[in-house]
Amino acid sequence: MLTISNLSITFTQYDQGLRRKQLTVITDLDLTVQPGELVAVVGASGSGKSLLAHAILGILPDNAQVSGTMEFYGESLTPKRCKALRGKAIALIPQSIGYLDPVMTVGRQVQRVGQLNGLSARSAKRLRNRTFTRYDLSPTTPKRYPFQLSGGMARRVLVSTAVMTQAQLLIADEPTPGLHPDVVTETLNHLRELAQEGRGVILITHDIEAALQVADRVAVFYAGTTVEIADAKDFEQGNLRHPYTQALRRSLPKNDFIPVPGNQPSPDQLPRGCLYGDRCPWVTAECREARPPSQFVRQGWVRCIYAE
């Protein structure tokens, strides 16, 4: 469904006066998503997770330069094609309920999405009602405004909006922060159901433990690149290949709860070699010479020359 290879994104910025500088925030990033699959994208703030979503949707700012390849069902995601697919074949479930219009009832908002996707007003209303019922939203919900909804209800309305598009690829950008654990589980289960219907789902999140409840695969981002792509079961079994991914697993409360020492490098101070080199216990002089390529090791992809 979605294939991303060697994606790099660079922003042109003005430094002092009219002097321009280039800031590369994503480098050689890889990702694939298949129909019926939920892929969790995890990593620290600033690792490029949300920026990837914006690139897929074609909503990067004008000062962004993109290289590499992004294909959706075998055809390149050009700016023109992104615009045609956005909100129809590819839909975003945003992280903030602030995306809901505060002066319009949620029923009208969700119904309007259906109409913009070619349904008649009557058909869109019927689909909206079926979708609200499916997500346990009461019959009075369509007449409510966003401020009258709980956080969990608002999240379900946002998921309903994406369902109304009948999109084949859904991108959920941090859909769970600040929610009660029960609501987190509920929201993630909804995303799992959408994948089981045959859609592709990208779940962008900081919460690795929550993602492991529903994900088929996990893509770990670090400093703007993919350091490992592994099956979710590899996290549970400790069958991980990259030292950063291993450290993330050890930092989980249910494991050793050991924090990862050091900090992720900023985009304007990236090292020449391995991006994780300054924090890695395996680092050698060879690691500092060049960026490691992505290689297939034990049924997973990893960027580390010492992965076994």
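Residues numbered from 1 in each chain as written. Predicted model: local features only at pLDDT ≥ 70, side-chain atom pairs only at ≥ 80, totals over all residues. Heavy atoms only, no water.

(A) Region of interest: the pairing of strand E1 (residues 2-14). In the sheet, E1 pairs with strand E2 (residues 20-33) via ten bridges, with the strands oriented antiparallel. Directly across from glutamine 13, in E2, lies its bridge partner lysine 21. Sheet analysis places E1 next to strand E4 (residues 64-72), joined by eight bridges and oriented antiparallel. The partner of isoleucine 9 across the bridge, within E4, is valine 66. (Pairing = 2+ DSSP bridges. Helix = DSSP H or I, 4+ residues; strand = E, 2+ residues; numbered from the N terminus.)

(B) Here's a closer look at the sheet that holds strand E5 (residues 75-76). Taken together, the four strands give an open sheet; going across it, the order is E2-E1-E4-E5, and neighbouring strands pair in antiparallel fashion. Edge positions in the sheet fall to E2 and E5, since each has one partner strand and no second. Judged from the two bridges that link them, E4 and E5 form a sheet pairing that is antiparallel. Looking at E5, one finds that glutamate 71 is bridged to serine 76.

(C) A nonpolar patch on the surface, seen in detail. Together, Trp282, Ile305 and Tyr306 line one region of the surface with nonpolar side chains, adding up to about 250 Å² of accessible area. Within the secondary structure, tryptophan 282 sits in the loop between helix H9 (243-250) and strand E11 (295-297). (Patch = residues over 30% accessible without salt bridge, like charges linked within 9 Å, V, L, I, M, F, W, Y side chains within 5 Å. Areas by Shrake-Rupley, 256 points an atom, 1.4 Å probe, with all protein chains shown as cover. Salt bridge = Lys/Arg side-chain N within 4 Å of Asp/Glu carboxyl O.)

(D) Representation of the packing of aromatic side chains in the model. Applying the stated criterion across every chain yields a total of six aromatic pairs. Measuring from centroid to centroid gives 6.3 Å for tyrosine 145 and phenylalanine 147, while their planes differ by 20°, and the two rings are stacked. The structure contains a cluster of three or more aromatic residues connected by ring pairs, namely Tyr222, Tyr244 and Tyr276. (Phe/Tyr/Trp six-rings, centres within 6.5 Å; stacked < 30°, edge-to-face > 60°.)

(E) Here's a closer look at the nonpolar core. Among the nonpolar cores identified, the biggest contains 57 residues, and Leu191 and Val218 are the most heavily contacted of them. It is helix H5 (residues 151-164) that contributes the most residues to this core, eight residues altogether. Residues contacting valine 218, with those up to four places away along its chain left out, are Ala40, Val42, Leu212, Glu228, Ile229, Ala230, Ala232 and Phe235. With 36 residues, the next largest nonpolar core counts Phe11, Leu31, Val39 and Ile90 among its residues. (Core = buried A, V, L, I, M, F, W, Y, C linked by side-chain atoms within 4.5 Å. Buried < 20%, exposed > 50% of the residue type's maximum accessible area, 1.4 Å probe, protein only. Contact = heavy atoms within 4.5 Å.)

(F) Structural view of the packing of helix H3 (residues 106-116) against H5. The N-to-C vectors of H3 and H5 enclose an angle of 20°; their axes lie 8 Å apart at closest approach. Judged by the inter-axis angle, H3 sits roughly parallel to H5. Where H3 crosses over H5, the two elements pack in a sense that is right-handed. Across the interface between the two elements, Val106, Val110, Gln111, Val113 and Gly114 from H3 touch Val157, Ser160, Thr161 and Met164 from H5. Looking at the contact of H3 with H5 residue by residue, the classes come out as five nonpolar, four polar and no charged. (Axes fitted to C-alpha atoms, helices over the stretch in contact; angles between N-to-C directions. Parallel < 35°, antiparallel > 145°, perpendicular 65-115°, else oblique. Left-handed = near helix turned anticlockwise from the far one by under 90°. Nonpolar A, V, L, I, M, F, W, Y, C, P; charged D, E, K, R; others polar.)

(G) How the structure looks around H3. Among the residues of H3, Val106, Gly107, Gln109, Val110, Gln111, Val113 and Gly114 are the ones counted as buried. Summarising the contacts, the buried residues of H3 are in contact with helix H4 (121-134) and H5. Just past H3, the residue glycine 118 takes up positive phi, approximately 100°.

(H) Looking closely at the environment of leucine 188. Relative to the helices and strands, leucine 188 is located in helix H6 (residues 181-196). For leucine 188, a relative accessible area of 2% gives the class buried. Leaving out residues up to four positions away in the same chain, leucine 188 has contacts with Thr176, Leu203, Ala210, Gln213 and Val214.

(I) Seen up close, the pattern of salt bridges. Scanning the entire structure with this criterion turns up twelve salt bridges. Connected via shared salt-bridge partners are Arg134, Glu193, Glu197 and Arg199.

(J) Representation of the sheet that holds E11. Taken together, eight strands build an open sheet; the order of strands is E6-E7-E8-E3-E9-E10-E12-E11 and the sheet is mixed. Two strands close off the open sheet at either side, each with one partner strand: strand E6 (90-93) and E11. Recorded for the sheet is a direction-independent mean angle of 25° between the axes of neighbouring strands. Examined bridge by bridge, strand E9 (residues 217-222) and strand E10 (residues 225-231) share six bridges and lie antiparallel to one another. Its bridge partner being in E10, alanine 219 is matched across the sheet by isoleucine 229. Sheet strands touched by H9: E9 and E10. Its angle to E9, the strand with the most contacts, is close to 110°.

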